[in-house]
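The primary structure of each chain is shown beneath.
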Amino acid sequence: MEAITFKAFAITNEIDLNKIAIHCGIPKKFTWEEPLVLKRDVLRSILMQEVSDMQMVLIFSFGSIVFINHTNEEDFHIVFRFIRSFEPDVDLNIAGNYTDDYSLHIGENENLELTDEYVVVPEIEDFYPELISTVLAKSVALEKTEEQLGKIHDKLENMIDRLEKGNLRIGNKELARTTAKIVRHEYNTLAYIMILDKPDITWTSSTASDFYDRMIEFFELNDRYKILKSKTDILYNIMDGFSTISHSIRGLFVEWIIVILILFEIVLTILQIIGWIP
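These numbers come from a predicted model, not from an experiment.

### Thoughts on a nonpolar patch on the surface
Item 1. On the surface, a cluster of nonpolar side chains totalling about 1,200 Å² of accessible area is made up of W256, I257, I258, V259, I260, L261, I262, L263, I266, I270, I273 and I274.
Item 2. Along the chain, the position of I260 falls in helix α8 (residues 221–273).

As structure tokens, this is what we get:
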């Protein structure tokens, strides 16, 4: 049996699978945990060409797409444009920035063999393509989120530089925008990529569960998630510090205004007593 190839992309933060399913005539309501699988007639109608039974496209709600047994670059772009017709936020210019390639081989050895580029299993099981696709989809989505976190770090670094130069004023809008980016980053990681969630098949098949656990361990998904979570917590602490400084400065400014008004009132009273003003 020839190797099964996989190519994963992270193209956006969220994809509404149910809208696409309705358009494709797929009578099923999708939850966040399961991908939308396009194959056979549905995939043929999208690509406008013949496809084999081994060719599939898996679309994940957290913005990743995995192509199985597709090598034609044009196929990727056609599907991207198809997705953008439902999700206008998809930027086709950066659709290929977060991607990974992998393959599944059948070997004579009874032991599972995992590498950076392929996995060798003793015999084919129906769940292998979906589990591999799920791990790859989460991996590229994490890569995208990691880069977004780096941009937030750069923004905070600029704010820290301003503090070091004595510019202590940070506007409420700037604080709110930066905090919103952190919250969005955490939401995309925790709620949507669902690193800690396992596919349904892993709860009914011990073989599938063991394979999935070894895949996520090899791709270090849990470790990468923990690092992102700890970095996010640090960002929140930094933002709390900025917020405290900003509120302290505003409180001090208000206090000075009150002192000045009191002094002004005292001066007016004294001037009235000595008769300099009526």
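Text resumes after the structure shown.
### Comments concerning unusual backbone geometry
Item 1. The phi angle at R40 is positive, at roughly 50°, despite the residue not being glycine.
Item 2. For R40, the location among the structural elements is in helix α2 (residues 40–47).
Item 3. Overall, R40 belongs to the partly exposed group, its relative accessible area being 41%.
Item 4. The backbone of N69 sits at a positive phi, close to 60°, despite the residue not being glycine.
Item 5. Along the chain, N69 turns up in the loop between β4 (64–68) and α3 (73–84).

### Side note on the sheet that holds β4
Item 1. The strand order β2-β3-β4-β1-β5-β7-β6 describes an open sheet built from seven strands, whose pairing is mixed. At either margin of the open sheet sits one strand with a lone partner, and together these are β2 (36–39) and β6 (113–114).
Item 2. In this structure, β6 lies alongside strand β7 (residues 118–121), joined through two bridges in antiparallel fashion. Residue L114 lies in a different strand from β7, and its bridge partner there is V119.

### As for helix α7 (residues 206–218)
Item 1. End to end, α7 covers 18 Å across 13 residues, agreeing with the expected 18 Å (1.5 Å per residue, within 8%).
Item 2. For α7, every residue scored as buried is listed here: A208, S209, F211, Y212, M215 and I216. Taken end-on, α7 shows its buried residues confined to a sector of 165°, consistent with a single buried face. Across α7 from its buried face, at more than 90 degrees, point the exposed residues S206 and E217.

### Points about the pattern of salt bridges
Item 1. As enumerated under the stated definition, the model contains seven salt bridges in all.
Item 2. A salt bridge links R44 to D41, with the nearest nitrogen and oxygen atoms 2.3 Å apart. Taken together, the residues R44 and D41, both in helix α2 and three residues apart, mark about one turn of the helix.
Item 3. Residue classification places R44 among the partly exposed positions, given a relative accessible area of 23%.
Item 4. Across the pair E146 and R224 runs a salt bridge, and its minimum N-O distance is 3.1 Å. Of the two residues, E146 is situated in helix α4 (residues 127–164) and R224 in helix α8; the sequence distance between them amounts to 78 residues.
Item 5. Among the residues examined, E146 registers a relative accessible area of 30% and is labelled partly exposed.
Item 6. Residues participating in the shared-partner salt-bridge network are D41, R44 and E50.

### A look at the side chain of S139
Item 1. Tracing the sequence through the fold places S139 in helix α4.
Item 2. Given the relative accessible area of 7%, S139 is considered buried.
Item 3. Beyond its immediate chain neighbours, meaning those up to four positions away, S139 contacts F219, L221 and R224.

Rules of the game
Residues numbered from 1 in each chain as written. Predicted model: local features only at pLDDT ≥ 70, side-chain atom pairs only at ≥ 80, totals over all residues. Heavy atoms only, no water. Patch = residues over 30% accessible without salt bridge, like charges linked within 9 Å, V, L, I, M, F, W, Y side chains within 5 Å. Areas by Shrake-Rupley, 256 points an atom, 1.4 Å probe, with all protein chains shown as cover. Salt bridge = Lys/Arg side-chain N within 4 Å of Asp/Glu carboxyl O. Helix = DSSP H or I, 4+ residues; strand = E, 2+ residues; numbered from the N terminus. Buried < 20%, exposed > 50% of the residue type's maximum accessible area, 1.4 Å probe, protein only. Pairing = 2+ DSSP bridges. Expected span 1.5 Å × (residues − 1). Arc of directions from axis to C-beta. Contact = heavy atoms within 4.5 Å.

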